[in-house]
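Reading the structure
Take a look at the letters that make up each chain.
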Amino acid sequence: MNEDLKKLSRHWMDEFRTTIPKTKALRKTIHQNPQVSGEEGPTRALMAEELGISFDSVAETGAIGRVGPATGPSIGIRGELDALPVSENTNVEWSAKSDKMHACGHDVHLAALAGVVNAAKVLDLPFGLVPILQPREETYPSGALDISESGLLEKHEVCHVIGAHVHPAIQLGSIAAGSGFVNAAAGEIEIKVFGKGGHGAYPHKASDVAIPTAQIALGLSEVVRRTNDPMSPAVVSIGSMSAGQGAANVLPQSGTIFATVRSTSTKKNQELAHQIDQFASYTAESLGCFAETRYTPGEPALVNSRSLADKFETYAAAIDIPIAETMRSLGADDFSYYGEKCPSLMCFVGVKEGNTPSLHDAEFLPPDEAITHVAKAFITGYIAAADILMEPK
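Values in this document were obtained by computation on a predicted structure and should not be read as measured data. (Residues numbered from 1 in each chain as written. Predicted model: local features only at pLDDT ≥ 70, side-chain atom pairs only at ≥ 80, totals over all residues. Heavy atoms only, no water.)

The secondary structure content of the chain amounts to 11 helices and 15 strands. Principal-axis analysis of the C-alpha atoms gives the chain an extent of 80 × 45 × 40 Å. For the chain, buried positions account for 53% of its 393 residues. Expressed as a percentage of contacts within the chain between residues at least 6 apart in sequence, the contacts between residues at least 24 apart total 83%. Carbon and sulfur atoms provide 50% of the accessible area of the chain, an area that totals close to 16,600 Å². Of the charged side chains in the chain, 32 are positive and 47 negative, and the gap between their average positions amounts to 1 Å. (Helix = DSSP H or I, 4+ residues; strand = E, 2+ residues; numbered from the N terminus. Buried < 20%, exposed > 50% of the residue type's maximum accessible area, 1.4 Å probe, protein only. Contact = heavy atoms within 4.5 Å. Areas by Shrake-Rupley, 256 points an atom, 1.4 Å probe, with all protein chains shown as cover. Lys, Arg positive; Asp, Glu negative; His and termini not counted. Charge placed at Lys NZ, Arg CZ, Asp CG, Glu CD.)

What follows is the structure, encoded as C-alpha cells:
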C-alpha cells in the first residue's frame, strides 16, 4: 500500500464531506427533473454548471472534462445522465412531476460525481481525473459505445475508468468490487407474428394471430432450457407483448413480442437469438401464420479488472468501506465498453434497508446517505488505479 495515496484518499473524503449539503440539493434537483435517453441536455447543462470546468461535448448529449494535471495519464469516473420512462410512486416532496423517473439511481451517481470532482479541485492529484457525463445508458444505441469510439478517452490518456452503481441486493454502505464477470452481455429481440384477421365468431376463416403470439411467448423460456448449458446462465424475459386493437370481436392480423436476451457472452446471445427465430417461425407456421424475428445486440459482458479489484480492496479500509461479496448478475450495463478500451472497475454500492424496492421500480429511492457511499467508491477506485499507474513498468 502506498501511504501517500492512503493519505490522499482520507484528505479527499474530508474535502468531499464539505460538499455534502450541495450534493444533496443537486441530487434532489436532478431527481425532480429527469430526462430519458437522448434528451439529457438539461441534466448535462446542470452538471456542467455545478462543476464549473471546461467540457468537450460527446455522444450528442454527453460531456467529458478534466481536473488535476492537464496532461499525461488520467483516470475516468462515469456518471449516467438518463432516467427511465417510469411514473414515480415515492411520495417525496421532490419526486418527479412527469412520467419519467430516476428509478435506477443515476441521480445519486451524478451527485456523488459532482462532489468528488469539486473536492478534487483543492487536491494535488498525481494523475488527471476525468468526469464522464454519459448519456443513453438505459437504451440503444449505447452512450458508452459512442464515447469509447469518440477519441476523447485517448485525448485525455484515460488509462482506467471507474464506475459505481447503487444496488438494493447489497447492505447499505457496503461495496462489492470483485474481479471477473459481474454483468451480462445483453440484447433485445422483437418477434412479429402475421396472419389473416377476421371476426371472433368465425375463427375458422381467420388466422387468429393472438394464439401463436401467446404460444411463442410461453415457449421462450423452454427455448433457453432446451438449448443453453445450465451451468452457464442465460435468460430471456418479455418486456411487452400485444395483439389487436382492443376490440373483443376482432381477430388481429398481427402480434408483437419485445424481450431482452442476456447471458455470459455476446456469442451466446446470438446463438439464443437464432434458436428463438427458428422456434417462432415453426410455431407460427404450425398455426397458419408466419413470424419475423429481429435481434439487436447490446452491450458486451462487464468484466472487472483483477488488478483494480485487488487494489480497491487494499485501500477500502482507509476510508471505512465494508467490502461485500462479489456481485454477479444478468443485469447489464454499457460500462462494459470502457472495459474493452482499458482495465476498468464497476463497484456495486449497497442501498439495502429492509425490503428495499428493486432497480427500475417506481418506488426505488436510495437514501441521501448513498451519495457518500458512491463517492467513496469513486475515490477508492481512483486511488487503486493511481497505485497501478505508479508501479514500475
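Here the narrative resumes.
Right, let's talk about the packing of aromatic side chains for a bit. For any two aromatic rings, the description comes down to two numbers: the centre-to-centre distance and the angle of the planes. This model, assessed by the stated rule, comprises three aromatic pairs. Seen from their ring centres, Phe194 and Phe290 are 5.2 Å apart, and the 25° between their planes marks the pair as stacked. Residue Phe194 is located in strand β8 (residues 185–194), and its partner Phe290 is located in strand β13 (residues 290–297); the two are separated by 96 residues in the primary sequence. What makes Phe290 partly exposed here is its relative accessible area of 46%. Pairing Phe335 with Tyr338 gives two aromatic rings, centres 5.5 Å apart and planes at 70°, and the pair type is edge-to-face. Phe335 sits in the buried class, given a relative accessible area of 1%. The ring of Trp94 has Lys28 sitting right over it, with the charged end atom 4.8 Å from the ring centre. (Phe/Tyr/Trp six-rings, centres within 6.5 Å; stacked < 30°, edge-to-face > 60°. Lys NZ or Arg CZ within 6 Å of the ring centre and 35° of its normal.)

Once that is clear, we can look at the UniProt feature "domain: Peptidase M20 dimerisation" (unreviewed entry) in the chain. When the UniProt feature table is mapped to this numbering, "domain: Peptidase M20 dimerisation" (unreviewed entry) covers residues 188–281. Regarding residues 188–281, the helix share stands at 36% and the strand share at 33%, and the terminal C-alpha atoms are separated by 18 Å. (UniProt positions renumbered as here; feature names shortened; annotations may be inferred.)

Attention now goes to unusual backbone geometry. Cis geometry marks the peptide bond from Tyr140 to Pro141; its omega dihedral reads 0°. As for its placement among the helices and strands, Pro141 is situated in the loop between β4 (128–134) and α5 (143–148). Positioned with a positive phi, Ala59 is a non-glycine residue whose angle comes to about 55°. Assessed through its relative accessible area of 12%, Ala59 is described here as buried. You will see that Arg136, though not glycine, has its phi angle at about 50°, which is positive. Exposure remark for Arg136: the relative accessible area of 6% places this residue in the buried category.

Let's shift gears to the domain arrangement of the chain. How big an interface is tends to be expressed through the accessible area that disappears when the partners come together. According to the domain assignment, the chain contains domain 1 (3–183 + 300–390) and domain 2 (185–298). Residue-level contacts link nine residues of domain 1 with 13 residues of domain 2. Taking both sides of the interface into account, the surface hidden between domain 1 and domain 2 amounts to around 840 Å²; carbon and sulfur atoms contribute 65%. Area buried by domain 1 at its contact with domain 2 is led by Tyr140, Pro300 and Leu330, which between them contribute 66% of it. In this assembly, domain 1 and domain 2 are joined by zero salt bridges. Viewed at the interface, domain 2 and domain 1 are joined by two residue pairs in polar contact (both at pLDDT 80 or more). Here the residues of the side of domain 1 that touches domain 2 are counted per class, giving seven nonpolar, two polar and no charged. (Domains from an automatic or database assignment. Buried area = accessible area lost by both parts, 1.4 Å probe. Salt bridge = Lys/Arg side-chain N within 4 Å of Asp/Glu carboxyl O. Polar contact = N/O pair within 3.5 Å; in protein donor to acceptor, adjacent residues only side chain to side chain. Nonpolar A, V, L, I, M, F, W, Y, C, P; charged D, E, K, R; others polar.)

Our focus in this paragraph is the packing of helix α3 (residues 41–51) against helix α4 (residues 106–120). Their axes nearest at 10 Å, the elements α3 and α4 cross at an angle of 25°. In terms of orientation, α3 and α4 fall into the roughly parallel class. Judged by the sense of rotation from one axis to the other, the crossing of α3 with α4 is right-handed. When α3 is examined against α4, the residues Thr43, Met47, Glu50 and Leu51 are found in contact with a partner set consisting of Leu110, Leu113, Ala114, Val117 and Asn118. Residue composition of the contact of α3 with α4, grouped by class: six nonpolar, two polar and one charged. (Axes fitted to C-alpha atoms, helices over the stretch in contact; angles between N-to-C directions. Parallel < 35°, antiparallel > 145°, perpendicular 65-115°, else oblique. Left-handed = near helix turned anticlockwise from the far one by under 90°.)

Before going further, it helps to spend a moment on the sheet that holds strand β3 (residues 74–80). Taken in spatial order, the seven strands line up as β1-β2-β4-β3-β5-β15-β6 in an open sheet, and their pairing is mixed. Each edge of the open sheet is held by one strand with a lone partner, namely β1 (55–58) and β6 (175–176). With respect to the sheet, α4 is in contact with β3, β4 and β5 (158–171), its orientation differing from that of β3 by roughly 145°. Helix α9 (residues 306–316) contacts β5, β6 and β15 (344–352) of the sheet and is inclined by roughly 45° relative to β15. (Pairing = 2+ DSSP bridges.)

Overall, the coordinates contain 17 salt bridges when judged by the stated rule. A salt bridge links Arg225 to Glu222; the nearest nitrogen and oxygen atoms lie 2.5 Å apart. Taken together, the residues Arg225 and Glu222, both in helix α7 (residues 210–227) and three residues apart, mark about one turn of the helix. Residue Arg225 is classed as exposed on the basis of its relative accessible area of 57%. A salt bridge links Lys311 to Asp387; the shortest N-O distance between them is 3.5 Å. One end of the pair, Lys311, is in helix α9; the other, Asp387, is in helix α11 (residues 369–390), and 76 residues separate them in sequence. Salt bridges sharing common partners tie together Arg27, Lys28, Asp107 and Asp368.

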